[in-house]
Each structure stands twice: as C-alpha cells, then as structure tokens.
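So you can see what is in the structure, the chains are spelled out below.
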Amino acid sequence: MRKQLSLVCFLAVAQLLFAQKKPITTPVYKDAKAAINTRIADLLQRMTLEEKAGQLNQLNGGVFTGPAVNDAGQMGKVQMVREGKIGSFLNVTGVKETRNIQKVAIEESRLGIPILFAFDVIHGYKTIFPIPLAEACSWDLPQIEINSGIAAKEAAAAGLHWTFAPMCDISNDPRWGRVMEGAGEDTYYGSLVAAARVKGLQGNLDDVSHILSSVKHFAAYGAVEAGREYNNVDVSRTALWNKYLPPYKAAVDAGAATVMNSFNVVDGVPASASHFLVEEVLKKKWGFKGLVVSDWGSFGEIIPHGYAVDEKDAAYKAISAGSMMDMESKVLVKYLPQLVKEGKLTMKQVDDAVSRVLYFKFKLGLFDDPYRFSDEARETATLFSAANRAEALKAARSSIVLLKNQNNILPLKKTSRIALVGYYAKSKEDMFDFWIANGSANDAVSVQEGLQARFGKGSVDYTPGYKADASTDDRLVSDAVASASNADVVIAVVGISGKLAGEERSLANINIAEGQVRLLKALQQTGKPIIVLVNSGRPMVLTQIQDLAGAIVQCWILGTETGNAVTDILTGAYNPSGKTVMSFPYAVGQIPVYYNHFNTNRPAPETGDGAWKSRYRDIPNNPLYPFGYGLSYTTFDYSGLQLSNAQMDKNGKVTVSVSVKNSGSYDGEEVVQLYIRDITASVVRPVKELKGFRKIWLKAGDSETVSFVLSGKDLSFYDGDGNVKLEPGKFKIFVGGDSKNTLEVPFELK
Ligand code: BGC
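Participant: Describe in detail the sheet that holds strand β6 (residues 258-261), supporting the description with residues and values.
Facilitator: An order of β5-β6-β9 is seen for the three strands of this open sheet, with the pairing classed as parallel. Edge positions in the sheet fall to β5 (214-218) and β9 (291-293), since each has one partner strand and no second. Between one strand and the next, the sheet's axes are offset by a mean angle of 25 degrees, whatever the strand orientation. Here β6 runs beside β9; their pairing, made up of three bridges, is parallel. Residue pairing across strands places Thr258 opposite Leu291, the latter belonging to β9. Lying over the sheet, helix α9 (residues 237-253) contacts β5 and β6, oriented at roughly 160 degrees with respect to β5.

Participant: Tell me about the site of the ligand, residues and numbers included.
Facilitator: If you check the shell around the ligand, you find Leu90, Asp120, Phe164, Arg178, Lys216, His217, Met260, Phe263, Asp295, Trp296, Met327 and Glu503 and nothing else. Contact distances for the ligand include 2.7 Å between an oxygen atom and a side-chain N or O atom of His217. Taking Glu503, its side chain carries an N or O atom lying 2.6 Å from an oxygen atom of the ligand. For the ligand, whose accessible area on its own is 310 Å², the fraction buried by protein is 94%. Taken together, the residues of the shell around the ligand break down into six nonpolar, one polar and five charged.

Participant: Could you give an account of helix α14 (residues 347-363), naming the residues involved and the relevant values?
Facilitator: Counted at 1.5 Å a residue, the expected span for α14 with its 17 residues is 24 Å, and the 23 Å between its end C-alpha atoms agrees. All buried positions along α14 are accounted for by Val350, Asp351, Ala353, Val354, Ser355, Arg356, Val357, Leu358, Phe360, Lys361 and Phe362. Taken together, the buried residues of α14 touch α2 (36-46), α3 (49-55), β3 (116-119), α10 (275-285), β9 and α13 (331-341). One or two residues past the end of α14 sits Gly365, with phi positive at roughly 80 degrees.

Participant: Tell me about the layout of surface pockets, and name the residues and values.
Facilitator: Computed from the structure, the second largest pocket encloses a volume of approximately 1100 Å³. Around the second largest pocket sit 36 residues that line it, and His597, Glu606, Asn621, Asn622 and Lys740 are the ones nearest its centre. Counting only elements with at least two residues in the lining of the second largest pocket, the list comes to β25 (729-736) and β26 (742-749). For the lining of the second largest pocket, the residue count by class is 16 nonpolar, 13 polar and seven charged.

Participant: How would you summarise the pattern of salt bridges if you had to cite specific residues and measurements?
Facilitator: With the rule as written, the count across this model stands at 40 salt bridges. Between Lys283 and Asp352 there is a salt bridge, with its nearest N and O atoms 3.7 Å apart. Of this pair, Lys283 sits in helix α10 while Asp352 sits in helix α14, placing them 69 residues apart in sequence. Residue Lys283 is classed as buried on the basis of its relative accessible area, which comes to 13%. Here Lys428 makes a salt bridge to Glu449, at a shortest N to O gap of 3.0 Å. A residue pair is termed long-range when its members are at least 10 positions apart, and Lys428 in helix α17 (residues 428-431) and Glu449 in helix α18 (residues 447-455) qualify at 21 residues. On the basis of relative accessible area, Glu449 is assigned to the partly exposed category, the value being 33%. Several salt bridges converge on common partners, so that one network encompasses Asp120, Arg178, Glu181, Lys216 and Glu503.

Reading the values: the criteria
Residues numbered from 1 in each chain as written. Predicted model: local features only at pLDDT ≥ 70, side-chain atom pairs only at ≥ 80, totals over all residues. Heavy atoms only, no water. Pairing = 2+ DSSP bridges. Helix = DSSP H or I, 4+ residues; strand = E, 2+ residues; numbered from the N terminus. Axes fitted to C-alpha atoms, helices over the stretch in contact; angles between N-to-C directions. Contact = heavy atoms within 4.5 Å. Near = heavy atom within 4 Å. Polar contact = N/O pair within 3.5 Å; in protein donor to acceptor, adjacent residues only side chain to side chain. Areas by Shrake-Rupley, 256 points an atom, 1.4 Å probe, with all protein chains shown as cover. Nonpolar A, V, L, I, M, F, W, Y, C, P; charged D, E, K, R; others polar. Expected span 1.5 Å × (residues − 1). Buried < 20%, exposed > 50% of the residue type's maximum accessible area, 1.4 Å probe, protein only. 1 Å grid on protein atoms, 1.4 Å probe; cavity = no way out; pocket = protein on both sides within 12 Å on 5 of 7 lines; lining within 4 Å. Points joined across faces, edges and corners; volume = space filled by probe spheres on them. Salt bridge = Lys/Arg side-chain N within 4 Å of Asp/Glu carboxyl O.

Here it is, written out as structure tokens:
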C-alpha cells in the first residue's frame with residue numbers, strides 16, 4: 001500500500017515536472033495559420049453555453065467614452081463585454097469608440113473574442129449619397145456598386161464591420177416611408193440592384209475597405225398592408241416566390257454575408273420564427289451559409305404577434321426556425337442556456353448559429369488583428385474626401401427624374417434672374433432623411449447654395465414661400481410673388497421634409513400640401529415660367545400641381561451634393577437620364593398602383609367607355625407617371641422592333657433588336673427597356689414584366705441598334721412551391737423608353 005502510494009506520488013511529481021517543461025502552446029483558434037473551420041471548432045469547445053449565448057447577443061451600443069463612463073447603463077454593457085455576453089454592438093461608431101470597446105473584449109474577456117460593430121449605413125456614412133430609391137432611378141448598376149463601395153469604405157474606416165443594407169423589399173406603396181430604402185417596384189430590376197449593392201459593400205471581404213452586408217427584411221416586408229410601418233403582410237405563395245423573394249435571393253447569390261429577419265408575419269408566422277423562410281427557403285433551397293440576424297427586437301416581438309407565450313418561448317421559436325443573432329430583444333442571452341439544459345434546443349443548433357458569427361469575425365481578420373478597422377489616420381483621410389464627394393455628385397445627378405418639361409423651359413438660360421422659392425431650397429435638415437448614418441446636414445450643399453454658386457448671389461433671389469411644416473400664410477405667398485415678378489424664371493421647391501423618409505414615417509396623405517399648392521397657384525398668376533423641384537423620399541401625388549408648373553423635376557432626397565446636382569440638371573450641364581422605379585399615383589385612393597399587375601377578368605379599355613369594367617368612376621386607372629418613365633432634354637424615337645426568330649424551343653435563344661434614334665438637339669442617355677408578357681400560363685402572369693434594359697448614350701441625331709438576348713430563364717416563373725416553370729405558349733415582347741409606351745411583337749415558346 002505504502003509502495004503504491006509512493007509510486008503514485010512519484011508519477012504525479014513527474015507529470016508536474018513534465019508539464020512545466022512543456023512549451024506553452026497558443027490555442028488553435030488563435031493560430032492565424034489554421035483553417036477557419038478548425039479555429040471555430042477549437043473555440044467552440046472552449047466556450048461555455050453562456051458565452052455561446054453571448055455571441056448571439058447584439059445590443060444597441062452608443063457612446064462609451066467621455067461622460068458616459070459614469071453612466072451605469074453603459075458601464076453595465078461594458079461589464080457584459082468582459083463576461084463574454086455580447087457578440088456584436090450596433091450604433092457604436094468611429095475609431096475611438098469602437099477601439100475602446102474592442103480593447104475590453106480582447107483584453108478583459110476570458111477568451112478574447114472580438115466584437116462585430118454594426119450600423120445602418122444605408123446610403124453613405126459621412127458622404128451622403130442619394131437615397132437608395134433615387135439611386136435606383138439611375139439604372140446605372142456600375143455606379144450603384146461604386147456608391148455602396150464608398151459607403152463601405154467610409155464605414156470601415158470608422159471602425160465598422162457590418163451594415164444593415166441593402167433593403168431588398170419590393171413595394172407598391174408610397175405611403176410606406178421605407179420605400180426610400182429599396183429599389184422600387186420591380187422584381188427583376190430590384191434583384192440586379194440588390195446584387196450590385198452587396199458587391200459594392202462587401203468586395204471580397206479581404207481588406208479594410210469593405211464591410212458585411214445584411215439583406216433585409218426577409219421576407220416580403222414591402223407588402224405591409226396600407227403602407228403602415230410594422231403592419232401585417234398577407235401575400236400568396238405565388239406572389240412570394242415571383243415578386244418578393246427574388247431580390248433577396250439575388251443578394252444571397254451575390255454573396256451577402258448576413259440576412260435580417262423581417263418584423264411581419266408570412267403565412268401567419270412571424271418571419272423571425274418562420275422555419276419555412278429561414279430553414280427551408282434561405283438555408284436549404286438557397287444554400288445560404290451566412291448569418292441570420294433578427295430585426296430590432298423581432299425575436300421578443302414574436303410574443304405580441306401572438307406566436308409565443310413568453311420570452312423563453314420566443315427564444316425557442318426563433319432558434320428552432322433557424323434564426324441566429326438576437327438584435328436587442330435579449331431573449332437569447334437570457335434563455336438560451338436554459339433551453340439547452342432542458343433539452344429543448346440542441347447544442348448542435350446553438351453551435352451552428354454561433355459558428356456563423358465566429359466565421360465572420362475570423363473572415364474579417366479580427367482574431368488576428370482586432371484593431372484592423374481602427375486606424376484614426378485612415379478614418380480622417382477617408383471620410384468625406386473630395387473623391388467620395390465627386391462620386392456622390394455623379395450619383396445624385398443620375399438619380400434625378402425629369403417628369404415634365406413643357407415647351408422645353410429647361411434647361412435654364414445662363415442669364416436668367418431666378419426667383420428661388422421654398423423652405424426646402426435652403427433648409428439643409430429637410431434635405432436629409434432619417435438614415436444618414438454619421439452624415440451632417442451642414443456639410444450638404446443646398447439648392448440655394450448650388451444655384452448661387454453657378455449664377456451669382458445677385459441673380460438668385462430666395463424667399464421661403466412656406467414654413468417648415470409646408471403650411472403658408474399671406475405674407476409668405478406675397479413675398480414669393482413679389483420676388484417672382486422681378487425674375488425671368490421661378491424655381492419652386494416643394495414636397496416634404498426628408499425627415500419624413502425612412503422607418504416609422506408612414507403617411508396616409510402623400511398629396512402636395514395645401515400651402516404649397518396655394519403658393520404655386522399664386523406664382524402661376526405672375527405668368528412667369530415655373531419650374532417645380534420635388535423634394536421627397538417617395539413618389540408623391542403630383543396631380544394637383546401637374547398644371548401649375550411648366551417643368552417638374554423629381555429630386556428625391558439627394559444627399560450631400562444636392563445643390564450641385566440640381567444645378568447641373570437645371571442648367572443642362574448634365575442632361576437628365578433618370579427613370580422612375582416606382583409609379584407615381586394619380587391619387588392616394590389608387591394605391592397600390594404598379595405597372596406589373598395582373599389583367600383582371602374585366603380590364604378597362606385605355607380610352608372610351610369603361611362601363612362594367614374594372615375601373616374607378618372618378619379617376620383613371622393609370623398612374624400619373626408610370627414605372628420606367630423619365631424625360632431627357634433630347635428625345636428618343638424607337639423603331640424596327642424585331643426578333644431573330646418568332647419561335648424558340650426551351651433551350652433556345654432569341655435576339656430582340658430595336659433601333660433607337662436621338663431625335664432631339666442634345667446628346668443624351670436613354671434607358672431602353674424590354675418587357676415580356678406571358679399570355680397564358682398555369683398561373684396568371686403580369687401584363688408586363690421587365691426582363692432587360694440598356695442605358696445608352698447617343699449624340700444628337702445618332703441612332704443605335706440595341707439588342708437583347710432572351711432565353712428560357714427570362715420566360716420562366718415560379719409556381720407556389722417555388723419550382724421554376726418554363727411553359728410553352730404565346731408571349732408578347734415589348735421595348736420602349738418606359739413601361740407604358742412600347743413597341744410590341746408576338747413570340748412563341750415551343
Ligand atoms: C429596422 C432595420 C434596421 C434596424 C437597426 C430596425 O428597426 O427595421 O431596418 O436595420 O432597426 O437599426
């Protein structure tokens with residue numbers, strides 16, 4: 001017995017001595033040379049369940065330095081970082097703030113797992129680009145990619161790793177404030193824009209100039225009933241597959257790192273808890289390998305939806321559906337460990353989610369250099385650089401849509417004395433929307449500044465005409481009229497404040513305000529030519545002012561370079577080339593109004609008697625301005641639409657060609673648009689569907705033959721189960737400069 005004991009003691013001592021001699025090895029997860037998956041596996045087996053839940057916890061951050069160090073709430077969050085209970089912050093920005101928190105995570109938490117910093121960089125970080133809806137009106141995919149690239153570059157230079165963009169929600173409802181964040185009403189075009197935005201934001205994620213993107217809001221959030229934010233969605237499966245899902249898919253196919261759940265229900269199930277959406281469609285059908293993040297509080301909000309009884313149940317349902325990171329509702333950090341211990345959730349489910357968070361931290365190089373994105377000199381050099389502003393100007397010019405130009409009152413003559421009217425022509429705050437990241441309205445060029453810089457201060461007489469809330473009074477109107485009487489031309493900026501564009505900015509009334517209409521009527525009495533600029537983050541109902549102006553220019557919300565871009569358009573230094581990607585309703589009661597609707601059982605004739613047809617008694621069916629519409633200072637004539645073959649089999653191709661002539665007197669750009677209609681199919685198809693476009697530049701008097709190649713892919717659609725269908729039958733092919741005025745040829749798929 002004693003012998004045995006001494007042998008055990010000897011062995012223990014030997015082991016200890018041996019252990020002391022053993023060189024201290026770096027854990028595999030910290031070995032930059034090891035493969036990412038090996039590093040993740042190593043790290044996972046070192047993590048406690050609480051630390052895993054922490055990685056899935058994303059909190060609203062804010063400021064942690066300065067007076068904030070005395071703030072109990074903020075210091076509580078810092079303590080959570082120390083304890084490994086936070087995987088990501090949103091709304092902590094700038095090198096100083098992000099570095100400060102990263103240091104705590106790296107140096108004071110047990111495993112030193114870096115934090116991911118996220119922020120809504122929607123259309124620029126410091127250099128503010130046009131709102132995404134406006135940008136989409138450029139039909140310029142390379143420029144759109146550049147714009148997103150600059151937004152990413154600035155954000156990355158400011159310590160950020162991740163943005164919640166692009167929004168890929170198709171919407172037909174301009175009452176919804178968030179239409180400003182998307183690419184309009186068309187699925188085909190929206191898909192191309194989504195992919196361009198993802199590519200611009202992410203690059204290859206192998207440098208410090210790009211950030212992770214998050215495709216949102218998955219899915220169908222753009223279909224919120226009556227355009228009311230956070231409202232319900234109820235769409236058919238065919239609509240889901242054909243109209244709403246393709247842009248998210250295009251973004252995923254373009255490599256989007258993350259996808260955000262939407263707030264709404266789909267088929268009666270909150271999207272965050274939808275096994276169908278997350279597991280079946282996103283992960284299984286589309287093969288998405290990235291991270292799924294909730295929308296703000298959307299895991300917790302499974303409860304008010306009436307789909308979970310309490311927070312624990314909500315946490316369970318979100319993870320069971322395949323969703324992963326919890327933005328702000330804190331239900332995972334509270335209940336995930338318990339749910340696993342009780343056997344309701346498996347460690348495999350948790351590890352799958354956590355490993356996707358860790359993957360991007362490794363991929364961005366944060367384990368090897370946690371301060372890669374924390375270079376103050378780079379931050380200073382990158383933000384709001386002259387080069388970035390030059391791109392923002394290009395983007396803004398090409399976003400503007402010329403809606404009306406009677407008797408060619410535009411472009412302006414160089415010698416014009418201008419009466420500039422409108423509170424929003426000067427108020428920089430109102431030129432900026434809700435999603436301006438760290439942009440500052442003061443950095444922007446107002447319309448007043450832009451015009452004055454070009455025409456001279458003495459030639460631009462400014463009067464506000466109405467107040468901040470768009471109401472007016474006798475004095476404001478008479479001042480504007482007096483100014484107009486002394487001018488050669490009136491430029492009146494109307495619309496709504498940019499602050500009414502974005503989340504939680506739904507409006508039931510999108511008519512031009514009464515005060516502004518009154519102002520325009522008074523200005524019209526002067527007999528001076530009137531040019532109206534519309535400042536708005538959505539298409540507004542312009543019917544009432546349609547006849548009060550000689551020219552109407554839809555300026556949207558253009559960002560930092562507003563005044564310079566508008567001046568370039570008004571003077572003709574840039575010939576307008578934008579085409580609207582959302583229909584402009586004739587009246588609010590017409591909404592939703594969109595070009596790619598179905599035909600109904602009783603289509604109303606374009607003109608003449610519409611009795612007992614699908615129509616309104618008081619207004620036309622057509623929008624005031626259709627999808628794809630926008631004027632130039634020149635004109636384009638279309639002729640000779642033809643097909644290489646009038647029939648094609650399923651594996652074939654057909655070339656569609658058309659001759660486009662610049663028949664006016666300015667060089668200019670045109671967006672040549674190709675639409676199809678599937679006449680009969682196993683499910684009803686839209687009256688027109690965009691399937692191709694080319695933005696061409698033509699010198700005055702020149703012509704070009706524009707060609708498109710269509711294949712089976714362009715003629716196919718989805719059934720209600722998400723299967724691709726390519727069905728023989730008759731089609732129509734249309735080409736034109738907008739969705740309404742097109743040439744047409746028949747075609748058959750054999
Ligand atoms: C919005 C998202 C946004 C998130 C984070 C939510 O309320 O719906 O689009 O990315 O907040 O700010």
